[in-house]
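One-letter residues, chain by chain:
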Amino acid sequence: SGPAIPAWAEVSDIQKTEAKRLGIPVAFENQFGMRFVLIPAGTFLMGGPQLETRRDEADTTQHEVTLTKPYYLQTTEVTNGQYRRFKNDHDSGAYLKQVLNGDRQPVVQVGWNDARAFTAWLSQQDGSRSYRLPTEAEWEYGARAGTTTRYFFGDAEADLARYGNLADKNAPLPYALKDLDDGQGVSAPVGSYRPNAWGLYDTVGNVGEWVADWYGPFPSGRVRDPVGPASGEHRVLRGGSWEGKPEHVRSASRNRDLPDFRYYGFGFRVLVPAAP
C-alpha cells in the first residue's frame, strides 16, 4: 500500500509505482507549505527538433538524456510568502501598477544567487532534507512529464491560456497576444492553471525559473545526469514568463542571464533529492 497520497497531489501511475518501489512518499508538504511530487528516474529527449515552428534559439539541440536518480520537484514556483520566511523585507514590486508582491504570487526580483541562498537556508531550517535548484535536465524532464510535444499538453498555441500564464491580451506589452486570454495581466497566484501529468504547475509561463546550470550549448550525443558546463558567464532560466510569447514557453525553450540579475519576470522552484 505505501504512504498515503496527499489530497492535493496530482500524480500519475508511474510516480505511484516509483514511490512504492522505493518505499518513499509520492508527494509531501514541508513546514513552509511548499509541496513536492516525486519525479521518477528515466530517459527522455531534451531540447527541441529543428522542425519545431517559430523556434528562435539556436542552442536547443535535441539529445538523449538519462536521469538515473528520482527526485522531488516543487509543484509550483516559490511564492513571495515562502521567500519572505527567509527574507522578510523582500518586495517583488509591481509592473505598470499591477502588483507582483502578493503572498501567493511567485517571488520575482531575485537573482540566481538569491535563489541559491534560499535553498541553503531552507536546507538548514529543515534539517532532515537537502534543497537545491534543479539542473536544467531535471527541470525539462519534469516539465515534459513524458511528452515530446512543444508544450506538455500538445502543440496547439490556442490551448496555452488553459495551461499557463504568458503574454496575452491583458499584458501591457508590444507583443501581447490579442487572441489569447489567460485571465492575468502579470504573474498569477501559483497553481492557477492546469498541471501537467506529473502534478507540476506553471512550467508554462508565469515566471522564468532559474536552474542550477551555467549556460552553454547542448551536447549532441547521449548523456547521463548532466549538470551543464563547469563554468560560464550566465545561468540558465526555464519555463518562460507572464510576458513571454508562445515560442518562449515551450518545454525546450531556454533563456539565460547574469547570476546576480534581478527582474520582474524571474523566479525559481526547488528540488529535493529522493532517497536512496
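The following refers to the structure shown. These numbers come from a predicted model, not from an experiment.

### Some points on helix α4 (residues 136-144)
Counting buried positions along α4 yields nine of nine residues, so the element is predominantly enclosed. Among the residues of α4, Glu136, Ala137, Glu138, Trp139, Glu140, Tyr141, Gly142, Ala143 and Arg144 are the ones counted as buried. Where α4 terminates, the next one or two residues include alanine 145, which has phi positive at roughly 50°.

### Comments concerning the sheet that holds strand β10 (residues 235-238)
Pairing in this open sheet of four strands is mixed, and the strands run β11-β10-β8-β12 from one edge to the other. Of all the strands in the sheet, the pair left with one neighbour each is β11 (254-257) and β12 (266-267). The sheet contact formed by β10 and β11 spans four bridges and is antiparallel. When the bridges of β11 are listed, leucine 237 appears paired with asparagine 255.

### So, empty space enclosed by the protein
Tallied over the full model, the rule gives one cavity of 30 Å³ or more. Roughly 30 Å³ of volume is contained in the largest cavity. Lining the largest cavity are Trp139, Ala143, Phe152, Thr203, Val204, Val249, Arg250 and Ser251. Each residue belonging to the lining of the largest cavity can be placed in one class, and the counts come to five nonpolar, two polar and one charged.

### Considering the pattern of salt bridges
Two side chains that carry opposite charge are able to pair once their charged atoms sit near each other. The tally for this structure, following the rule as stated, stands at 17 salt bridges. Measuring nitrogen to oxygen at the nearest pair gives 2.9 Å for the salt bridge that ties aspartate 103 to arginine 84. Of this pair, aspartate 103 sits in the loop between β7 (98-99) and α3 (112-126) while arginine 84 sits in the loop between α2 (80-83) and β6 (94-95), placing them 19 residues apart in sequence. Take aspartate 103: its relative accessible area is 51%, and that puts it in the exposed class. As a salt-bridge pair, glutamate 247 and lysine 245 come within 4.0 Å of each other at their nearest N and O atoms.

### Let's talk about the nonpolar core
Counting 46 residues, the largest nonpolar core has Phe118, Phe268 and Val270 as its most contacted members. Per-element accounting of this core gives the leading share, five residues, to α3. In this structure phenylalanine 118 touches Met34, Val78, Gln82, Tyr83, Phe86, Phe268 and Val270, once residues within four positions along its chain are discounted. Among the nonpolar cores identified, the runner-up in size contains 11 residues, and Ala161, Leu166, Leu180 and Val204 belong to it.

### Some points on the side chain of glutamine 105
Considering the arrangement of structural elements, one finds glutamine 105 in the loop between β7 and α3. Within the structure, glutamine 105 has its side chain in polar contact with the backbone nitrogen of glycine 102 (distance 2.8 Å).

### Considering the packing of aromatic side chains
The final tally for this structure, using the stated rule, is 25 aromatic pairs. Centre to centre, the rings of phenylalanine 44 and tyrosine 141 are 5.1 Å apart; their planes meet at 45°, and the pair counts as tilted. With phenylalanine 44 in strand β3 (residues 42-46) and tyrosine 141 in helix α4, this residue pair connects regions lying 97 residues apart in the sequence. Relative to phenylalanine 118, the ring of phenylalanine 86 has its centre 5.8 Å away and its plane inclined at 80°; by these criteria the two rings are edge-to-face. With phenylalanine 86 in the loop between α2 and β6 and phenylalanine 118 in helix α3, this residue pair connects regions lying 32 residues apart in the sequence. Of the residues examined, phenylalanine 86 reaches a relative accessible area of 27% and is grouped as partly exposed. For phenylalanine 118, a relative accessible area of 0% gives the class buried.

### Section: the pairing of strand β4 (residues 63-67)
Sheet faces and side chains relate simply in a regular strand, where the side chains alternate between the two faces. Within β4, four of the five residues are buried, which leaves the element mostly enclosed by the surrounding structure. Examined bridge by bridge, β3 and β4 share five bridges and lie antiparallel to one another. Residue pairing in the sheet places leucine 45 in a bridge with glutamate 64 of β4. As paired elements, β4 and strand β9 (residues 223-224) share two bridges and run parallel to each other. Bridged to threonine 66 within β9 is arginine 224.

### Quick look at unusual backbone geometry
Although it is not a glycine, leucine 96 sits at a positive phi angle of roughly 45°. Looking at where leucine 96 falls in the secondary structure, it is placed in the loop between β6 and β7. Exposure remark for leucine 96: the relative accessible area of 56% places this residue in the exposed category. Even without being glycine, lysine 97 reaches a positive phi, approximately 70°. Relative to the helices and strands, lysine 97 is located in the loop between β6 and β7. Residue lysine 97 is classed as exposed on the basis of its relative accessible area, which comes to 83%.

Calculation notes
Residues numbered from 1 in each chain as written. Predicted model: local features only at pLDDT ≥ 70, side-chain atom pairs only at ≥ 80, totals over all residues. Heavy atoms only, no water. Buried < 20%, exposed > 50% of the residue type's maximum accessible area, 1.4 Å probe, protein only. Helix = DSSP H or I, 4+ residues; strand = E, 2+ residues; numbered from the N terminus. Pairing = 2+ DSSP bridges. 1 Å grid on protein atoms, 1.4 Å probe; cavity = no way out; pocket = protein on both sides within 12 Å on 5 of 7 lines; lining within 4 Å. Points joined across faces, edges and corners; volume = space filled by probe spheres on them. Nonpolar A, V, L, I, M, F, W, Y, C, P; charged D, E, K, R; others polar. Salt bridge = Lys/Arg side-chain N within 4 Å of Asp/Glu carboxyl O. Core = buried A, V, L, I, M, F, W, Y, C linked by side-chain atoms within 4.5 Å. Contact = heavy atoms within 4.5 Å. Polar contact = N/O pair within 3.5 Å; in protein donor to acceptor, adjacent residues only side chain to side chain. Phe/Tyr/Trp six-rings, centres within 6.5 Å; stacked < 30°, edge-to-face > 60°.

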